[in-house]
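Structure assessment
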Amino acid sequence: MSLVRRARPEDAPEVLRLRQIMIDALPGGDASTHWHALALPGLRERLGEPDGDFAAFVVDHPDRPGALAALVAGTLDYRIGKASSPHGGSGYVFSVATDPDARRRGYARACMAELLAWFRERGAGQVMLTASPEAEPLYAALGFVHKPDPTMILTL
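Residues numbered from 1 in each chain as written. Predicted model: local features only at pLDDT ≥ 70, side-chain atom pairs only at ≥ 80, totals over all residues. Heavy atoms only, no water.

Focus: unusual backbone geometry
Put simply, the rule is: Strands are runs of DSSP state E lasting at least two residues, helices are runs of H or I lasting at least four, and both sets are numbered from the N terminus onward. Three labels apply to residues, based on accessible area from a 1.4 Å probe with only protein chains included: buried if under 20% of the type maximum, exposed if over 50%, partly exposed otherwise in between.
With a phi angle near 70°, arginine 104 is a residue other than glycine that sits in the positive phi range. Inspection of the secondary structure assignment puts arginine 104 in the loop between β4 (89-98) and α3 (107-121). We classify arginine 104 as exposed; its relative accessible area is 85%.

Below, the structure written as structure tokens:
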């Protein structure tokens, strides 16, 4: 039996806790947590939509009942098709986090495998993510490659 399961609405506070761990580790990450209370209702709602365009896969913490050890979350978007993805399904992984005391056990890899299967089942022709230097070997082992894309962002 797999350790990985689909996150449920009652996991929302732990999902936010793990997401904050990821944010805190990013260069220029914002350590504030006031936004958690604002994000919680929407996250609970999305976690309760099994057929939606958002999925989160988690591993329960083996030493702390009620806590999560790992999280991987992503969304499925539609983009106009292209040769490598004619139907336009595009996955985006935006949260990968493991509790510091549960690292190096393969939990993030197992969660990623479930999320990638979820994307495939829904017809995604590609999956994108942003990799930290520490996580890049994991993603490369799963088949991700660097894209020479001049990505820009505007924060609204």
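The discussion continues.
Description of the layout of surface pockets
Rule in force here: In this analysis the probe radius is 1.4 Å and the grid spacing 1 Å, with only protein atoms considered; a cavity is a set of points the probe fits into but cannot get out of, a pocket is an open set with protein on both sides within 12 Å along at least five of seven lines, and lining residues have an atom within 4 Å of a point. Grid points are joined across faces, edges and corners, and a volume is the space filled by probe spheres set on the points.
Estimated volume of the largest pocket: approximately 1000 Å³. As for the largest pocket, its lining consists of 32 residues, and the residues nearest its centre are Val96, Ser132, Glu134, Ala135 and Tyr139. Elements that contribute at least two residues to the lining of the largest pocket include exactly α1 (12-25), β4, α3 and α4 (136-141). Taken as a whole, the second largest pocket encloses approximately 800 Å³ of empty space. Around the second largest pocket, the lining is made up of 20 residues, and of these Met128, Leu129, Thr130, Val145 and Lys147 lie nearest the centre.

Focus: α1
How we decide: A helix is expected to span 1.5 Å for every residue after the first. The contact criterion used throughout is that any non-hydrogen atoms of two residues lie within 4.5 Å.
An ideal rise of 1.5 Å per residue puts 20 Å on 14 residues; α1 measures up with 20 Å between its terminal C-alpha atoms. Every buried residue of α1 is accounted for by Ala12, Glu14, Val15, Leu16, Leu18, Gln20, Ile21, Met22 and Ile23. On the buried face of α1, the contacting elements are α2 (35-47), β2 (54-60), β3 (68-78) and β4.

Quick word on the side chain of arginine 5
Put simply, the rule is: Polar contact criterion, stated in full: a pair of N or O atoms within 3.5 Å, where within protein one must be able to donate a hydrogen and the other to accept it, and residues adjacent in sequence count only if both atoms are side-chain atoms.
Counting through the fold element by element, arginine 5 comes out in strand β1 (residues 4-6). At a separation of 2.7 Å, a polar atom in the side chain of arginine 5 contacts the side chain of aspartate 11. A polar contact is formed between the side chain of arginine 5 and the side chain of aspartate 60, at a distance of 2.8 Å. Beyond its immediate stretch of four places on either side in the chain, arginine 5 contacts Asp11, Ala56, Phe57, Val58, Asp60 and Leu68.

Quick word on the pattern of salt bridges
As a reminder, the rule being used: We define a salt bridge as a side-chain nitrogen of Lys or Arg found within 4 Å of a carboxyl oxygen belonging to Asp or Glu.
Counted under the stated rule, the structure contains 12 salt bridges. Of the charged contacts in the structure, one is a salt bridge between aspartate 11 and arginine 5, with a shortest N-O distance of 2.7 Å. Taking relative accessible area as the criterion, arginine 5 reaches 15% and is therefore assigned buried. For aspartate 101, the salt bridge identified is with arginine 64, shortest N-O distance 2.9 Å. Note that aspartate 101 is positioned in the loop between β4 and α3 and arginine 64 in the loop between β2 and β3, a separation of 37 residues in sequence. By relative accessible area, which is 30% here, arginine 64 ends up partly exposed. Because the salt bridges share partners, they merge into one network encompassing Glu14, Arg17, Arg64, Asp99 and Asp101.

Topic: the sheet that holds β3
Keep this limit in mind: The pairing criterion is simple: DSSP has to find at least two bridges between the two strands. In this description, a line fitted to the C-alpha atoms serves as the axis of each element, helices being fitted only across the stretch in contact, and the angle between N-to-C directions of two axes falls anywhere from 0 to 180 degrees.
Ordered by their spatial adjacency, 5 strands build an open sheet running β1-β2-β3-β4-β5, and the pairing between neighbours is mixed. A single partner strand is all that each edge strand has here, and the edge strands are β1 and β5 (126-129). Neighbour-to-neighbour, the strand axes of the sheet open up by a mean angle of 25°, direction not taken into account. Pairing geometry for β1 and β2, over 3 bridges, is antiparallel. The residue of β2 that forms the bridge with arginine 6 is phenylalanine 57.

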